[in-house]
Amino acid sequence: MSQRQLFLQHVAQTSDFPLMIEIEKAEGVYMYGQEGQRYLDLISGIGVSNVGHRHPRVLQAIHDQLDKYMHLMVYGEFVQAPQAQLAHALHTTLPKQLNNTYFLNSGTEAVEGALKLAKRYTGRTELISCYNAYHGSTQGALSMNGSESFKNAFRPLLPDVRHIRYNAIEDLEQITKRTAAVLIETVQGEAGVRVPENNYLQRLQERCSQTGTLLILDEIQCGFGRTGTFWGFEQFGIVPDILVCAKGMGGGMPIGAFIAPQEIMAAFKTDPILGHCTTFGGHPVSCAASLATLQVIQEEKLTADVQQKAALFRQLLVHPRIKEIRNCGLLMAAEFESFEVLKAVIDRAILNGVLTDWFLFCDNSMRIAPPLVISEAQIREACEVILRSIDEAVGA
């Protein structure tokens, strides 16, 4: 049986139309098929490969850690150098109060832990997130998502969850002294790259401070350099009470985390003891890869030209079929008139060697979020292919 047959018969499917691209290897911004086909990756595995595929520094860190040890003990019991060093390195990128990191395996797990922490620390039950938000697929994270079509089949979900409109200042009044936490994406990703306007995040933080509500920022997609600063919130004059990260954090390895002041995180230590547990969270190989990823972003100054690269995409992607381009750094959305038009363009672009995608809650917009290491020449190559694919698929 071929690999495709094995995939279809034995790997759980999540749709009736998987892309079915069979990849033999990946390097930098390119992936390669079984017969040598080359695909320029414009979505970074959905925001994961910020430093490119198989960055040499990340590979070396993985190899070095494999020579020492892999899993030893459930999280939080042994002193493991990769965890301790990564936690310290993260702290150096953050405001001083965000000094305590809980490592997990993914973004959705990090969201779950952050929500539990907020409820335990505040003693409150109400949670608030935004319409068109995406925070993960486990039941707590799913409860916070802002699209009913993704949730209805799995109810009942978490009780006492409320949704507000992103960028709607008037909705902030719904945050009260009953509210344990507001969970919000610094930049809405699956909504099609929606950027905070009119000091929205500052007003949100002010309201949270007035009501004693914890502000949880989800930077699973926009952290680790994606927006042009190491953390997206650096651009908006706020500091969260709890920060959630994953995806680009691992350089291709699975890892997530939530980060908070030590006095807040201490709520997990008593009543009950082991208030949050994980077996594989903070896996030493993933932590070693993440530390190398962080160092690559800093030492290779990958955030320095993010805005310039984004501007080049905006300059080149001009076509009558493209209605609008929205971005925060290299988290970008190119809007078309409909999903049908966009899907035809995406399919044609893949045939022409460029991998793009759409957004869960904005299916008429093309996702553009390449590895931060993408060069000017590669941007020009990608844009030429997209424009040609538009003409081949649907014309002007």
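Please refer to the structure placed before this passage.
Reading the values: rules and limits
Residues numbered from 1 in each chain as written. Predicted model: local features only at pLDDT ≥ 70, side-chain atom pairs only at ≥ 80, totals over all residues. Heavy atoms only, no water. Pairing = 2+ DSSP bridges. Helix = DSSP H or I, 4+ residues; strand = E, 2+ residues; numbered from the N terminus. Axes fitted to C-alpha atoms, helices over the stretch in contact; angles between N-to-C directions. Contact = heavy atoms within 4.5 Å. Buried < 20%, exposed > 50% of the residue type's maximum accessible area, 1.4 Å probe, protein only. Disulfide = S-S within 2.5 Å. Polar contact = N/O pair within 3.5 Å; in protein donor to acceptor, adjacent residues only side chain to side chain. Core = buried A, V, L, I, M, F, W, Y, C linked by side-chain atoms within 4.5 Å. Salt bridge = Lys/Arg side-chain N within 4 Å of Asp/Glu carboxyl O. Phe/Tyr/Trp six-rings, centres within 6.5 Å; stacked < 30°, edge-to-face > 60°. Lys NZ or Arg CZ within 6 Å of the ring centre and 35° of its normal.

(A) Spotlight on the sheet that holds strand S14 (residues 357-359). Taken together, the 4 strands give an open sheet; going across it, the order is S11-S12-S15-S14, and neighbouring strands pair in antiparallel fashion. Strand pairing shows two members of the sheet lacking a second neighbour, strand S11 (324-328) and S14, which therefore form its edges. The sheet shows a mean angle of 35° between the axes of neighbouring strands, taken without regard to direction. Pairing between strand S12 (residues 331-335) and strand S15 (residues 362-368): 4 bridges, direction antiparallel. Bridge pairing in S15 links Ala334 to Met366. Across the sheet, helix H12 (residues 339-351) is in contact with S14 and S15; its angle to S15 comes to roughly 30°.

(B) Just unusual backbone geometry, in detail. A cis geometry characterises the amide bond from Arg155 onward to Pro156, with omega recorded as 5°. Within the secondary structure layout, Pro156 lies in the loop between helix H7 (148-151) and strand S6 (161-164). Unlike most non-glycine residues, Phe224 shows phi in positive territory, near 55°. Its place among the elements puts Phe224 in the loop between strand S8 (214-218) and strand S9 (242-245). In this structure Phe224 comes out as buried when scored by relative accessible area, which is 1%. Even without being glycine, Leu274 reaches a positive phi, approximately 55°. Along the chain, Leu274 turns up in the loop between helix H9 (262-265) and helix H10 (284-299).

(C) Representation of the side chain of Ser290 in the model. Along the chain, Ser290 turns up in helix H10. When its relative accessible area of 0% is taken as the criterion, Ser290 is described as buried. Discounting chain neighbours no more than four positions away, the residues touching Ser290 are Leu86, Phe224, Met249, Gly250 and Ile255.

(D) Fine view of the state of the cysteines. Counted under the stated rule, the structure contains 0 disulfides. With no disulfide partner, Cys287 has as its closest neighbouring cysteine sulfur the one in Cys245, 11 Å distant. Classification of Cys287 as buried rests on a relative accessible area of 0%. We note that Cys383 lacks a disulfide partner, and the nearest cysteine sulfur, in Cys328, lies 18 Å from it.

(E) Summary view of the sheet that holds S9. Pairing in this open sheet of 7 strands is mixed, and the strands run S4-S10-S9-S8-S7-S5-S6 from one edge to the other. Bordering the open sheet on either side are strand S4 (100-104) and S6, each of which pairs with just one other strand. Taking the axes of each pair of neighbouring strands and ignoring which way they run, one obtains an average angle of 20° across the sheet. Bridge count between strand S7 (residues 179-185) and S8: 5 bridges; the pairing is parallel. If you follow Ile184 over to S8, its bridge partner there is Leu217. Of the strands in this sheet, S4, strand S5 (126-130), S7, S8, S9 and strand S10 (256-260) touch helix H5 (residues 107-122), which is tilted by about 165° from S9. Each of S5, S6, S7 and S8 is contacted by helix H8 (residues 200-211), which is oriented at about 170° to S7, the strand it contacts most.

(F) How the structure looks around the side chain of Ser338. Positionally, Ser338 belongs in the loop between S12 and H12. Only 3.2 Å separates the side chain of Ser338 from the backbone nitrogen of Val341, close enough to count as a polar contact.

(G) Spatial organisation of the nonpolar core. Membership of the largest hydrophobic core comes to 119 residues, with the highest contact counts inside it found for Ile184, Phe258 and Phe313. For this core, the leading source of residues is H10, giving 9 residues.

(H) Highlighting the environment of Gly113. For Gly113, the position within the fold is in helix H5. We classify Gly113 as buried; its relative accessible area is 0%. Expressed as a C-alpha distance, the spacing of Gly113 and Phe230, which sit 117 residues apart in the sequence, is 23 Å. Beyond its immediate chain neighbours, meaning those up to four positions away, Gly113 contacts Phe258, Phe268 and His276.

(I) Looking closely at the pattern of salt bridges. Tallying each qualifying case throughout the model produces 21 salt bridges. In this structure, Glu148 engages Arg155 in a salt bridge whose closest nitrogen and oxygen atoms are separated by 2.6 Å. When its relative accessible area of 39% is taken as the criterion, Glu148 is described as partly exposed. Exposure remark for Arg155: the relative accessible area of 44% places this residue in the partly exposed category. Here Glu170 and Arg165 are joined by a salt bridge, their closest N and O atoms 3.2 Å apart. You can call Glu170 exposed: its relative accessible area is 52%. For Arg165, a relative accessible area of 40% corresponds to the partly exposed category. One salt-bridge network, in which partners are shared between bridges, spans Glu126, Asp160, Arg162 and Arg178.

(J) A look at the packing of aromatic side chains. For the structure on display, the rule yields 12 aromatic pairs. A ring pair is formed by Tyr30 and Tyr32, whose centres lie 6.4 Å apart and whose planes are at 45°; its orientation type is tilted. When its relative accessible area of 10% is taken as the criterion, Tyr30 is described as buried. Ring plane angle 80° and centroid distance 5.4 Å describe the contact between Phe224 and Trp231, whose orientation is recorded as edge-to-face. Taken individually, Phe224 and Trp231 each receive the classification buried, so the pair is uniform in this respect. Residue placement shows Lys25 over the ring face of Tyr32; its charged tip is 5.9 Å from the ring centre.

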